[in-house]
Amino acid sequence: MPAKRKTKLDRLREKFCQMYKVGKAVTGLTDTDIAECLGMGVTALWTRRKAPETFKLGEIAKLSVILRWEESDLTDLIATMQ
């Protein structure tokens, strides 16, 4: 049986997950710290992390500052979301 082909949504989720993990490692922040900066609860953050397409553009912009994402990574992520 052939392997399942990745959809655009699968690629978005993988890219976001990788960027999120690297950002947390670089900054040393916890999910609680990040959720607090975004003005949401930890449970809401976990739910949105599983489905990053549910983040609002403003929240993505805040995340990019909090997690110190490169501009090129951010533009790639936003391009993948569209």
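Below: a short report on this structure. Counting starts from 1 at the beginning of each chain's written sequence and moves along it residue by residue. With the structure being a predicted model, the display of local features is reserved for residues of pLDDT at least 70 and the display and counting of side-chain atom pairs for 80 or more, all residues being used for whole-chain, interface and lining totals. Side-chain numbers come from the whole structure's heavy atoms, not from hydrogens or water.

Attention now goes to the side chain of Thr27. Each helix is a run of H or I in the DSSP string that is no shorter than four residues. Each strand is a run of E no shorter than two, and both are numbered from the N terminus. Checked against the element boundaries, Thr27 lands in helix H1 (residues 8-27). The term polar contact refers here to a pair of N or O atoms within 3.5 Å; inside protein, the definition further demands a hydrogen-donor-capable atom paired with an acceptor-capable atom, and it admits residues adjacent in sequence only when both atoms are side-chain atoms. Among the polar contacts made by the side chain of Thr27, one reaches the main-chain amide nitrogen of Leu29 at a distance of 3.4 Å. Contact definition: two residues touch when any of their heavy atoms are within 4.5 Å. Ignoring any residue separated from it by four or fewer positions in sequence, one finds Thr27 in contact with Ile66, Leu67 and Arg68.

The next subject is the packing of aromatic side chains. Aromatic ring pairs: the centre-centre distance and the angle between the two ring planes describe each pair. Between the rings of Phe, Tyr and Trp (Trp by its six-membered ring), a pair exists once the centres lie within 6.5 Å; its type follows the angle of the planes, with under 30 degrees stacked, over 60 edge-to-face, and the other angles tilted. Applying the stated criterion across every chain, the model contains 3 aromatic pairs. Centre to centre, the rings of Phe16 and Phe55 are 5.3 Å apart; their planes meet at 35°, and the pair counts as tilted. Here Phe55 lies in the loop between helix H3 (42-50) and helix H4 (57-66) and Phe16 lies in helix H1, a separation of 39 residues in the sequence. Between buried and exposed lies partly exposed: a residue is buried under 20% and exposed over 50% of the maximum accessible area for its type, with that area taken using a 1.4 Å probe on protein chains only. By relative accessible area, which is 1% here, Phe16 ends up buried. By relative accessible area, which is 5% here, Phe55 ends up buried. Where Phe16 meets Trp69, the ring centres are 6.0 Å apart and the plane angle is 85°; that geometry is what we call edge-to-face. Here Trp69 lies in the loop between H4 and helix H5 (71-81) and Phe16 lies in helix H1, a separation of 53 residues in the sequence. Overall, Trp69 belongs to the buried group, its relative accessible area being 11%. An aromatic cluster of three or more residues is present, and its members are Phe16, Tyr20, Phe55 and Trp69.

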